[in-house]
Amino acid sequence: QLSYDDVAKLCADAAGVSGYKVVHFDPSEVGKGKFPFRPTNFFVAPDMAKEHLMWGGAEHTLREDLPAYYESYKARDGPTKDLDLSADKEILEAVTA
């Protein structure tokens, strides 16, 4: 299992980003952040699919696959798209003040 901090590090590694800082906050105090790449929350739990499809599980790790996902993201001009990160900025200002 991976924590959100682990996923952040793997994503940063895949994107070649260093010197980032993960900031934790209590959403009941400052509001819930938004995930700018998806309009809704999402959850991943493959247990039911594995059972119904009689699937043994993933053959790759997230660490192995993230570089290809990031390359696909870059090919779709992801890093240059204008994202509304105003909610994230407000939260960061509130928790780091």
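Here's what I pulled together on the structure shown here. The model shown is predicted, which means the values in this text are computed figures rather than measured ones.

## Side note on the pattern of salt bridges
Inspection of every chain in the model, using the stated rule, returns two salt bridges. Across the salt bridge formed by lysine 9 and aspartate 13, the nearest N and O atoms sit 3.0 Å from each other. Of this pair, lysine 9 and aspartate 13 both sit in helix α1 (residues 4-15), four residues apart, which is roughly one turn of that helix. Since its relative accessible area comes to 37%, aspartate 13 is described here as partly exposed. We note a salt bridge from glutamate 71 to lysine 74, for which the minimum N-O separation is 3.2 Å. Taken together, the residues glutamate 71 and lysine 74, both in helix α4 (residues 62-75) and three residues apart, mark about one turn of the helix. Look at lysine 74 and you get partly exposed, because its relative accessible area is 36%.

## Structural notes on the packing of aromatic side chains
Per the stated rule, a full pass over the model turns up one aromatic pair. Relative to tyrosine 73, the ring of tyrosine 70 lies with its centre 6.0 Å away and its plane at 40 degrees, an arrangement referred to as tilted. Remark: tyrosine 73 and tyrosine 70 occur in helix α4; sequence separation between them is three residues, near one turn of the helix.

## A word on unusual backbone geometry
Of note in the backbone geometry, methionine 54 takes a positive phi value of approximately 50 degrees without being a glycine. Among the secondary structure elements, methionine 54 is positioned in the loop between α3 (47-53) and α4. A positive phi is found at aspartate 77, a non-glycine position, where the angle reads about 65 degrees. Note that aspartate 77 resides in the loop between α4 and α5 (86-96).

## Observations concerning α4
Think of an α-helix as turning once every 3.6 residues; residues three or four places apart then point the same way. Taking 1.5 Å per residue as the helical rise, α4 with its 14 residues ought to reach 20 Å, and the 19 Å between its terminal C-alpha atoms agrees with that figure. Once α4 finishes, aspartate 77 follows within two positions and takes phi at roughly 65 degrees, a positive value.

## Let's talk about a nonpolar patch on the surface
Taken together, Leu2, Leu62 and Tyr69 make up a surface patch of nonpolar side chains, about 300 Å² in accessible area. Position of leucine 2 relative to the elements: it lies in the segment before α1. Residue classification places leucine 2 among the partly exposed residues on the basis of a relative accessible area of 48%.

Cut-offs and rules
Residues numbered from 1 in each chain as written. Predicted model: local features only at pLDDT ≥ 70, side-chain atom pairs only at ≥ 80, totals over all residues. Heavy atoms only, no water. Salt bridge = Lys/Arg side-chain N within 4 Å of Asp/Glu carboxyl O. Helix = DSSP H or I, 4+ residues; strand = E, 2+ residues; numbered from the N terminus. Buried < 20%, exposed > 50% of the residue type's maximum accessible area, 1.4 Å probe, protein only. Phe/Tyr/Trp six-rings, centres within 6.5 Å; stacked < 30°, edge-to-face > 60°. Expected span 1.5 Å × (residues − 1). Patch = residues over 30% accessible without salt bridge, like charges linked within 9 Å, V, L, I, M, F, W, Y side chains within 5 Å. Areas by Shrake-Rupley, 256 points an atom, 1.4 Å probe, with all protein chains shown as cover.

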